[in-house]
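A structural walkthrough
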Amino acid sequence: MAILDNVDEDSLQFLLSWLEKFPQYKGRDFYITGESYAGHYAPQLIQAIVRCNKATPGSPINLKGYMVPISHWPNFCY
């Protein structure tokens with residue numbers, strides 16, 4: 001198993017733990033954005049958050065939006 005196989009679940013667990021430590025941020029609007037490798041990791045984290053929110057009514061992560069770069073943008077310009 002590669003070290004980065006569980007990045008989405010590890011990142012989700014980090015966010016949930018962080019929100020337990022700092023409860024004043026629970027339920028606030030949450031946006032995800034990034035560049036470079038975020039085009040790979042951000043969608044995985046977004047899917048993990050959506051799964052968590054569906055499985056856990058009242059989830060503390062209020063995902064409002066995301067912005068993910070299009071990888072290899074020049075390949076789409078023709």
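To keep things clear, this report deals only with the structure shown in the data block. Throughout, a residue's number is its position along its own chain's written sequence, starting from 1. With the structure being a predicted model, the display of local features is reserved for residues of pLDDT at least 70 and the display and counting of side-chain atom pairs for 80 or more, all residues being used for whole-chain, interface and lining totals. To get the side-chain values, all heavy atoms of the structure are used, and hydrogens and water are removed first.

Turning our attention to the environment of Val-7. You can see Val-7 is positioned in helix α1 (residues 7-21). Working definition: with a 1.4 Å probe on protein chains only, accessible area under 20% of the residue-type maximum means buried, over 50% means exposed, and in between means partly exposed. The class for Val-7 is buried, based on a relative accessible area of 17%. Remark: the alpha-carbon pair of Val-7 and Ala-48, spanning 41 residues in sequence, is separated by 9.9 Å. Counting from the N terminus, the helices are the DSSP runs of H or I reaching at least four residues and the strands are the DSSP runs of E reaching at least two.

Pairing of strand β1 (residues 29-33) with strand β2 (residues 62-67) involves five bridges; the strand directions are parallel. For Ile-32, the partnering residue across the bridge sits in β2 and is Tyr-66. The handedness rule is simple: strands pointing away from the viewer, and a clockwise path from the first strand over the helix to the second, make the crossover right-handed. The β-α-β motif built from β1, the intervening helix α2 (residues 38-55) and the parallel element β2 has right-handed crossover chirality. Pairing between two strands is assigned when DSSP locates at least 2 bridges connecting them.

Let us look at the side chain of Ser-59. By the secondary structure assignment, Ser-59 is in the loop between α2 and β2. Ser-59 gets classed as buried once you look at its relative accessible area, which sits at 16%. What qualifies as a polar contact is a pair of N or O atoms within 3.5 Å, subject to a donor-acceptor requirement within protein and to the restriction that residues adjacent in sequence count only when both atoms come from side chains. A polar contact of 2.6 Å, which involves the side chain of Ser-59, links it to the side chain of Asn-53.

A separate point is the packing of aromatic side chains. Aromatic pairs are defined between Phe, Tyr and Trp rings, using the six-membered ring for Trp, whenever the two ring centres lie within 6.5 Å; interplanar angles under 30 degrees are classed as stacked, those over 60 as edge-to-face, and all others as tilted. With the rule as written, the count across this model stands at two aromatic pairs. Between Trp-18 and Phe-22, the ring centres sit 5.0 Å apart and the planes meet at 45°, which makes this aromatic pair tilted. Here Trp-18 falls in the partly exposed class, since its relative accessible area comes to 33%. Through successive ring pairs, a cluster of aromatic residues spans Trp-18, Phe-22 and Tyr-25.

Function-wise, these values are silent; they only describe arrangement.
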